[in-house]
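One-letter residues, chain by chain:
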Amino acid sequence: ENGSASEGEDTEEAAENGEESGGEATSEDATYTIEAGIGLNNKHPQYKGLLEFKEIVEEETDGDVFVETYHSSQLGDDREMMESLQLNTQEVTIPSTAPIANFVEEFTVFDFPFLFPNEQVADQVLDGEIGDRLLGKLEEEEMVGLAYWENGFRDVTNSQHPVETAEDFEGLTLRTMENDLHLDAFSELGANPTPMAFGELFTAMQQGTVDGQENPLATIYLESFYEVQDYYSDTHHVYSPFVFLMSKQFYDGLPDEYQTIVEDAAVEAGEFQREQNRKANEEHLSNLEEEGMEITEVSDEARAEMKEIVQPVIDDYAEEIGADFVDEVYQAVEDAQEN
Ligand code: TK8
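Rules of the game
Residues numbered from 1 in each chain as written. Predicted model: local features only at pLDDT ≥ 70, side-chain atom pairs only at ≥ 80, totals over all residues. Heavy atoms only, no water. Domains from an automatic or database assignment. Contact = heavy atoms within 4.5 Å. Buried area = accessible area lost by both parts, 1.4 Å probe. Salt bridge = Lys/Arg side-chain N within 4 Å of Asp/Glu carboxyl O. Polar contact = N/O pair within 3.5 Å; in protein donor to acceptor, adjacent residues only side chain to side chain. Near = heavy atom within 4 Å. Nonpolar A, V, L, I, M, F, W, Y, C, P; charged D, E, K, R; others polar. Phe/Tyr/Trp six-rings, centres within 6.5 Å; stacked < 30°, edge-to-face > 60°. Helix = DSSP H or I, 4+ residues; strand = E, 2+ residues; numbered from the N terminus. Buried < 20%, exposed > 50% of the residue type's maximum accessible area, 1.4 Å probe, protein only. Patch = residues over 30% accessible without salt bridge, like charges linked within 9 Å, V, L, I, M, F, W, Y side chains within 5 Å. Areas by Shrake-Rupley, 256 points an atom, 1.4 Å probe, with all protein chains shown as cover. Lys, Arg positive; Asp, Glu negative; His and termini not counted. Charge placed at Lys NZ, Arg CZ, Asp CG, Glu CD. Pairing = 2+ DSSP bridges. Axes fitted to C-alpha atoms, helices over the stretch in contact; angles between N-to-C directions.

(A) Representation of the domain arrangement of the protein in the model. For the protein, the assigned domains read domain 1 (11-104 + 116-151 + 241-281) and domain 2 (155-238 + 283-338). Computed over C-alpha atoms only, the centres of domain 1 and domain 2 are separated by 26 Å. Domain 1 puts 26 residues into the contact, and the matching count from domain 2 is 24 residues. With both chains or domains summed, domain 1 and domain 2 bury close to 2000 Å², and 58% of this area falls on carbon and sulfur atoms. Summed over the three residues of domain 1 that lose the most area to domain 2, namely A98, I130 and N281, the buried surface amounts to 22% of that side. At the surface where domain 1 touches domain 2, the tally comes to one salt bridge. A salt bridge links R133 to E328, with the shortest nitrogen-to-oxygen separation between them at 2.6 Å. Applying the counting criterion to the domain 1 and domain 2 interface returns nine residue pairs in polar contact (both at pLDDT 80 or more).

(B) Main features of the site of the ligand. Around the ligand, a shell composed of G39, L40, D78, S96, N151, R154, R175, M177, F198, N215 and F242 is seen. One of the side-chain N or O atoms of N151 is found 2.8 Å from an oxygen atom in the ligand. At 2.6 Å, a side-chain N or O of R175 approaches an oxygen atom of the ligand. Considered class by class, the residues forming the shell around the ligand number four nonpolar, four polar and three charged.

(C) Representation of the packing of aromatic side chains within the structure. One pass over the full model with this rule turns up 13 aromatic pairs. Judged by centre distance (6.0 Å) and plane angle (55°), the ring pair of F169 and F186 falls under tilted. Placement of F169 in the loop between β5 (155-158) and β6 (173-176) and of F186 in helix α7 (residues 180-188) is noted, with a sequence separation of 17 residues between them. With relative accessibility at 4%, the residue F186 sits in the buried group.

(D) Highlighting the side chain of K54. Examined against the element boundaries, K54 turns out to sit in helix α2 (residues 45-60). Of the polar contacts made by the side chain of K54, one reaches the side chain of E58; its length is 2.9 Å. In contact with K54, other than residues within four places in its own chain, are F66, V67 and T69.

(E) Spatial organisation of a negative patch on the surface. On the surface, a cluster of negative charge is made up of E55, E59, E60, D62, E263, D264, E268, E271 and E275. Elements supplying a minimum of two residues to the negative patch: α2 and α11 (256-290). The dominant element in the negative patch, judged by the number of residues it contributes, is α11, at five residues. Looking at the secondary structure, you find E263 in helix α11.

(F) The sheet that holds strand β1 (residues 32-37), seen in detail. Overall, mixed pairing links the five strands, which are arranged β2-β1-β3-β10-β4 in an open sheet. Across the chains shown, the open sheet's two edge strands, defined by having one partner strand only, are β2 (65-70) and β4 (143-153). Two strands pair when backbone bridges link them, and β4 and strand β10 (residues 239-247) are joined in this way by nine bridges, in the antiparallel orientation. Paired with G152 across the two strands is S240, which belongs to β10. In the packing of α2 onto the sheet, the strands contacted are β1, β2, β4 and β10, and the crossing angle to β2 comes to about 165°.

See below:
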């Protein structure tokens, strides 16, 4: 690995070169190189957000910090990329909170089924004191959390039959993220959950190793899941945040001024990403229909029944990660709804 935080003696010179050429930044001109990798492909708003981050950082540092972007799990799956951040052999990744919970268990709370009623409430809680506090806990794991981005409300697809009520989960082999709460909640619903890295999912559906999966609309459409799935249901059972993570060792090695730049850029690019993501999630339902998927709308009653079934699992995890802390999160959700 190329020791990307290598301190060059020619910082000023590099910056000058960047200015003189006036063109695209290159890694040769830079003192610092950020290798940034995500699991989703380059059509997804997550990648567009990452390109926005790159543009801001390279412009604000006059090319002295160069950002190399990778998608489609090219650098590994969420877990592997986080491990690379811990070792400082990769600088940035933007995983869902579910795999992060294997490093900092309190992150499990954001994956509680039906916790957030809408995206605006999610924004307020994540961008508020609670979200901040959890980002702080990542430092013990050699990572720095710079901002929350958005994966979105998760919906179910499968190749067997429409999922309209809780009973329809019975017997479905569903790929889940590698997260114990997800595993237990889908078991409780009667499904056969199969945890698997995202990068293996398409093939698993294609080969029939799993009947289905759950992810937000943008992923279902932009990753062409409609090619191997027939039924879509807008269950919206879990809101998945993304977290913009940086290797702590790399971050600590940056000059203060650059730390501020990458932090602000992660937040600003995140605002752009959330916007793009919400647009995508609105557009892609009709795209799925055009591709021939059968769309099932799930009623509020059916959602309430699903919630009731998984409630014992939620209670167990609340106990495990700290009942007082979880109460604070519920309170923050309520407060956000009043605003
Ligand atoms: C992408 C993952 C993914 C997530 C999943 O790296 O694994 O299903 O929703 O999109 O974070």
